[in-house]
Amino acid sequence: MRRGRPGALPRGTAERTLTSVRAGEDAVRPDDQRTERAGTAPAAPEGARREASRLWHITLSVSGEEAPLKDVRRSLEQLAHDHPFLLTSRYANDHAEIRYWEEARDLHDAAAVALRLWGEHRSTANLPPWEIVGLEVIDRETYHQRIAEGYGPPPASPVGVHPY
């Protein structure tokens, strides 16, 4: 799922991209004449409703060969600038964890977006050539339930890029 932003597509993206879905009562209108082309969704049959999007909490873990801490921090700060939905990033010289909220129709879409995040921003944010070693995708209710029960990571605060 690629956020609808002006400008060129990130390098390495396929011709077909996932897009965020609209939510709410007016998600499908009879006068909606969208066509299936890059960045737009096909129009639904008249009278049909699209599945509403939901919020998913993403934790993406990456790891690889050591890199200078200063460079890792600068890269993660650039990633946060390029992808303003990031909540927090923790990093060391050989691994990092990125946490953020993603809006998607289902877990499969949210996971697909998360798995592409690091690679799509590798060159623009000058990210280390690390690989994804972990991914957790949970819905909003599960996230809040874990926090309330004292399980899982504490809420992402302070927001930003921080060393481990």
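The following refers to the structure shown. As the structure is a computational prediction, the values presented were derived from the model and not from experiment.

Definitions and limits used
- Just so you know, the residues in each chain are numbered from 1, in the order the chain's sequence is written.
- This being a predicted model, a pLDDT of at least 70 is required before a residue's local features are given, and a value of 80 or more before pairs of side-chain atoms are given or counted; all residues contribute to the totals for chains, interfaces and linings.
- Each side-chain value is derived from all of the structure's non-hydrogen atoms; neither hydrogens nor water enter the calculation.
- Any Phe, Tyr or Trp ring, taking Trp's six-membered ring, that has another such ring centre within 6.5 Å forms a pair; planes under 30 degrees apart are called stacked, those over 60 apart edge-to-face, and the others tilted.
- Starting at the N terminus, helices and strands are each numbered in turn, a helix being any DSSP run of H or I of at least four residues and a strand any DSSP run of E of at least two.
- Relative accessibility thresholds used throughout: buried, under 20% of the residue-type maximum; exposed, over 50%; partly exposed, between the two (1.4 Å probe, protein chains only).
- Any two residues whose heavy atoms approach within 4.5 Å are treated as being in contact.
- What qualifies as a polar contact is a pair of N or O atoms within 3.5 Å, subject to a donor-acceptor requirement within protein and to the restriction that residues adjacent in sequence count only when both atoms come from side chains.
- Each axis is a line fitted through C-alpha atoms, taken for helices only over the stretch in contact, and angles between the N-to-C directions span 0 to 180 degrees.
- By the definition used in this description, the sense in which the near helix is turned from the far one sets the handedness, with an anticlockwise turn below a right angle giving left-handed and a clockwise turn giving right-handed.
- When residues are grouped by polarity, Ala, Val, Leu, Ile, Met, Phe, Trp, Tyr, Cys and Pro land in nonpolar, Asp, Glu, Lys and Arg in charged, and all others, Gly among them, in polar.
- Multiplying one less than the number of residues by 1.5 Å gives the expected span of a helix.
- In this description, one arc is meant: the one made by directions from the helix axis to the C-beta atoms.

**Description of the packing of aromatic side chains**
All chains considered together, the criterion is met by two aromatic pairs. Where Trp-118 meets Trp-130, the ring centres are 6.2 Å apart and the plane angle is 5 degrees; that geometry is what we call stacked. In this pair, Trp-118 is assigned in helix H2 (residues 107-121) and Trp-130 in the loop between H2 and strand S4 (131-139), connecting sequence segments 12 residues apart. For the pair Trp-118 and Trp-130, a shared accessibility class is recorded, and that class is buried.

**Let's talk about the environment of Tyr-91**
In this structure, Tyr-91 sits in strand S2 (residues 86-91). Remark: the alpha-carbon pair of Tyr-91 and Arg-73, spanning 18 residues in sequence, is separated by 7.3 Å. Apart from residues no more than four positions distant in its own chain, Tyr-91 is found in contact with Leu-69, Val-72, Arg-73, Leu-76, Ala-96, Val-161, His-162, Pro-163 and Tyr-164. Of note is the side chain of Tyr-91, whose polar atom sits 3.3 Å from the side chain of Arg-73.

**What to know about the packing of helix H1 (residues 69-82) against H2**
In a packed pair of helices, the relevant descriptors are the angle between the two axes and the axis-to-axis distance. In the contact formed by H1 and H2, the axes pass within 11 Å of each other and the chain directions differ by 115 degrees. Here H1 and H2 pass one another in a crossing that is right-handed. Residues Leu-76, Leu-79 and Asp-82 of H1 touch H2, and the partners they reach there are Leu-117, Trp-118 and His-121. Tallied by class, residues from the contact of H1 with H2 come to four nonpolar, one polar and one charged.

**Quick word on H1**
If you check H1, its first and last C-alpha atoms are 20 Å apart, about what 14 residues at 1.5 Å a residue would give, namely 20 Å. Those residues of H1 not exposed but buried are Val-72, Ser-75, Leu-76 and Leu-79. Down the axis, H1 shows its buried residues gathered within 95 degrees of arc, on one side only. Opposite the buried face of H1, at more than 90 degrees from it, the exposed residues are Lys-70 and His-81. At its buried positions, H1 is contacted by S2, strand S3 (95-104), H2 and strand S5 (160-163).

Fair warning: the whole summary comes from geometry, so function is off the table for now.
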